[in-house]
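# Working through the structure, step by step
Letter by letter, the chains look like this.
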Amino acid sequence: MTDAEADGAEEGVLLRGEENVAARLRVEREARGWSTNSLSDRMNEAGYEMNPSAVWRIENGKRRVNLDEAIGFAEVFGVSLDNLVGPPRLAAKARAMELIENVVRAFRETQRAGAAFSQARDAFDAYLAEHPDIRDEAEVMIASALADEAIPNFAQAFHLTQPPNAASDDEPGAGQDH
């Protein structure tokens with residue numbers, strides 16, 4: 001890794017995993033006051049064979065880090081693997097990395113949910129194609145159920161205490177049959 005590449009990694013380049021790991025090793029090792037010997041000793045104690053020369057060569061871009069070694073470094077430093085391969089500047093901000101991981105995890109969940117919704121809707125549409133006599137009633141039920149789900153989610157997203165147009169318990173006549 002050249003000095004310019006190392007500077008780029010320190011600036012927070014997102015998609016340079018191995019370069020980020022190399023920069024992070026040096027940052028994490030130096031932050032703890034460890035020598036390359038100390039880090040290799042800790043790696044060996046954790047069950048990951050590593051000599052001081054290998055640590056130096058990885059840090060200086062002369063040797064690639066393999067997945068098992070990256071897992072070992074993350075374990076020794078007490079950080080997640082995502083954190084270890086992330087941009088060094090962001091990684092120094094543990095809360096930022098935690099929030100980034102949460103956003104990515106939530107995005108993945110929405111992608112899976114979107115795919116599951118599409119599959120369910122496709123199956124529903126295929127069924128209705130075979131049974132057109134119930135289409136109108138079934139579509140109304142779907143629309144109603146989705147609306148019932150959407151209103152509380154909308155209220156929560158906008159920090160509303162109750163859905164729009166809902167009567168509060170404090171209003172006269174609330175909760176009473178008319």
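The structure contained in this document is the topic of the report that follows. In this text the structure is predicted, and so the values were computed from the model without any measurement.

### Here we look at the packing of aromatic side chains
For the structure on display, the rule yields two aromatic pairs. With a centroid separation of 6.4 Å and an interplanar angle of 15°, the aromatic rings of Phe73 and Phe77 are classed as stacked. On the criterion of helical spacing, the pair formed by Phe73 and Phe77 is a turn pair, its members being four residues apart in helix α5 (residues 67-77). With respect to class, Phe73 is no different from Phe77; both count as buried.

### Topic: the packing of helix α2 (residues 17-31) against helix α4 (residues 52-59)
Viewed as axis vectors pointing N to C, α2 and α4 meet at an angle of 120°, and their least axial separation amounts to 7 Å. Compared by their axis directions, α2 and α4 come out oblique. Residues Ala22, Leu25, Arg26 and Arg29 of α2 touch α4, and the partners they reach there are Val55, Ile58 and Glu59. When grouped by side-chain class, the residues that make up the contact of α2 with α4 number four nonpolar, no polar and three charged.

### Quick notes on the environment of Ala96
Considering the arrangement of structural elements, one finds Ala96 in helix α8 (residues 94-130). The spatial distance from the C-alpha of Ala96 to the C-alpha of Asn83 is 10.0 Å, given a sequence separation of 13 residues.

### As for the pattern of salt bridges
When charged atoms on two side chains of opposite charge get close, those side chains can pair. For the structure on display, the rule yields eleven salt bridges. Residue Arg26 pairs with Glu59 through a salt bridge whose shortest N-O separation is 3.8 Å. Pair noted here: Arg26 is in helix α2 and Glu59 is in helix α4, with a separation of 33 residues, a long-range link. On the basis of relative accessible area, Glu59 is assigned to the buried category, the value being 3%. In this structure, the salt-bridge partner of Arg32 is Glu28, at a minimum N-O distance of 2.4 Å. For Arg32, a relative accessible area of 31% corresponds to the partly exposed category. Given the relative accessible area of 12%, Glu28 is considered buried.

### With respect to a nonpolar patch on the surface
Taken together, Leu67, Ile71, Leu81 and Val85 make up a surface patch of nonpolar side chains, about 300 Å² in accessible area. Taken together, the elements giving at least two residues each to the nonpolar patch come down to α5 and α6 (81-85). Structurally, Val85 is set in helix α6.

### A word on the nonpolar core
The biggest cluster of nonpolar side chains holds 17 residues, and the ones touching the most others in it are Leu39, Met43, Met50, Phe73, Phe77 and Leu84. Elements that contribute at least two residues to this core include exactly α2, α3 (36-45), α4 and α5. Take this core: its biggest share by element is five residues, from α5.

Conventions and cut-offs
- Residues numbered from 1 in each chain as written.
- Predicted model: local features only at pLDDT ≥ 70, side-chain atom pairs only at ≥ 80, totals over all residues.
- Heavy atoms only, no water.
- Phe/Tyr/Trp six-rings, centres within 6.5 Å; stacked < 30°, edge-to-face > 60°.
- Helix = DSSP H or I, 4+ residues; strand = E, 2+ residues; numbered from the N terminus.
- Buried < 20%, exposed > 50% of the residue type's maximum accessible area, 1.4 Å probe, protein only.
- Axes fitted to C-alpha atoms, helices over the stretch in contact; angles between N-to-C directions.
- Parallel < 35°, antiparallel > 145°, perpendicular 65-115°, else oblique.
- Contact = heavy atoms within 4.5 Å.
- Nonpolar A, V, L, I, M, F, W, Y, C, P; charged D, E, K, R; others polar.
- Salt bridge = Lys/Arg side-chain N within 4 Å of Asp/Glu carboxyl O.
- Patch = residues over 30% accessible without salt bridge, like charges linked within 9 Å, V, L, I, M, F, W, Y side chains within 5 Å.
- Areas by Shrake-Rupley, 256 points an atom, 1.4 Å probe, with all protein chains shown as cover.
- Core = buried A, V, L, I, M, F, W, Y, C linked by side-chain atoms within 4.5 Å.

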